Amino acid sequence: MDLHKVKELRQEGQLNEAREMAMELLKEDNQNAELLLETAFIHDQSDMEPQAITFYKQALDVGLEGNQRRDALLSLGSSYRAVGLYEQARETLEIGLSEYPDYNAFYIFFAMTLYNLGDTDLAVEILMTKLLETTNDQSIKAYQRALEFYASRLDEVFN
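Everything in this summary refers to the structure shown in the same document. Source: prediction; values computed, not measured. (Residues numbered from 1 in each chain as written. Predicted model: local features only at pLDDT ≥ 70, side-chain atom pairs only at ≥ 80, totals over all residues. Heavy atoms only, no water.)

**Some remarks on the overall build of the protein chain**
No. 1: Secondary structure summary: the protein chain contains 10 helices and 0 strands in total.
No. 2: Helices and strands appear in the protein chain in the N-to-C order α-α-α-α-α-α-α-α-α-α.
No. 3: Expressed as lengths along the three principal axes of its C-alpha atoms, the size of the protein chain is roughly 70 × 30 × 25 Å.
No. 4: Split into buried and exposed, the 159 residues of the protein chain put 37% on the buried side. (Helix = DSSP H or I, 4+ residues; strand = E, 2+ residues; numbered from the N terminus. Buried < 20%, exposed > 50% of the residue type's maximum accessible area, 1.4 Å probe, protein only.)

Shown next, in the form of structure tokens:
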């Protein structure tokens, strides 16, 4: 049994087998950050967000770097949001935004969390800004200046 096989099983959608194997491996090495992260992904994909949260936190505590840390922060924030822990989601996603400001997915999950927290104006502003920064759609680009202007003025009325 090895981590590579666990990843392969998860990617093939064999989540129960992957989870069983990951849990066995964790009995032998519960301080392996990469194994903890993979176990979190398996639980997340199995719609077991509360368990996934535990494994994401453990993986981050043990220590992850680079893309693994980025993916763990994003997935942890997303899982917190999915189970209604909006403040924890916000805090986690803010860490991700500060560490990985060029990774646009953080902004989208952060906007969804802001929506859940009732900050709909900022949520829509973030979504509009990211849309304008990333789209190649010419019908949207044609109105870019207007959309940039209105993004932070959604509630204003212009007479």
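**Quick notes on helix α5 (residues 66-82)**
No. 1: Look at α5: 24 Å from first C-alpha to last across 17 residues, which is about the 24 Å you get at 1.5 Å a residue.
No. 2: Of the residues making up α5, those classed as buried are R70, A72, L73, L74, S75, L76, G77, S79 and Y80.
No. 3: Each element contacted by the buried residues of α5 is listed here: α3 (33-45), α4 (49-62), α6 (86-99) and α7 (105-116).
No. 4: Phi for G84, located one or two positions after α5, is positive at around 90 degrees. (Expected span 1.5 Å × (residues − 1). Contact = heavy atoms within 4.5 Å.)

**Considering the nonpolar core**
No. 1: Residues L37, Y56, L64 and F106 are the most contacted members of the largest nonpolar core, which totals 38 residues.
No. 2: Breaking this core down by element, the ones donating at least two residues are α1 (3-11), α2 (15-28), α3, α4, α5, α6, α7 and α8 (120-134).
No. 3: In terms of residue count, the dominant contributor to this core is α3 (7 residues).
No. 4: What L37 contacts, discounting residues up to four positions off in sequence, is Y56, A59, L64, Q68 and A72. (Core = buried A, V, L, I, M, F, W, Y, C linked by side-chain atoms within 4.5 Å.)

**So, the packing of aromatic side chains**
No. 1: Evaluated as defined, the whole model comprises 6 aromatic pairs.
No. 2: A centroid spacing of 5.9 Å and a plane angle of 65 degrees characterise the contact between Y103 and F106, whose relative ring orientation is edge-to-face.
No. 3: We classify Y103 as partly exposed; its relative accessible area is 28%.
No. 4: In textbook terms, an aromatic cluster arises when at least three aromatic residues are bridged by ring pairs, as seen for Y100, Y103 and F106.
No. 5: Sitting above the plane of the Y103 ring, R70 keeps its charged end 3.9 Å from the centroid.
No. 6: Across from the ring centre of F149, 4.1 Å away, lies the NZ or CZ of R153, which sits over that ring. (Phe/Tyr/Trp six-rings, centres within 6.5 Å; stacked < 30°, edge-to-face > 60°. Lys NZ or Arg CZ within 6 Å of the ring centre and 35° of its normal.)

**Looking at the side chain of S46**
No. 1: With respect to the secondary-structure elements, S46 resides in the loop between α3 and α4.
No. 2: Looking at S46, its side chain comes within polar contact range of the side chain of R19, at 3.0 Å.
No. 3: Excluding its chain neighbours within four sequence positions, the residues that come into contact with S46 are L15 and R19. (Polar contact = N/O pair within 3.5 Å; in protein donor to acceptor, adjacent residues only side chain to side chain.)

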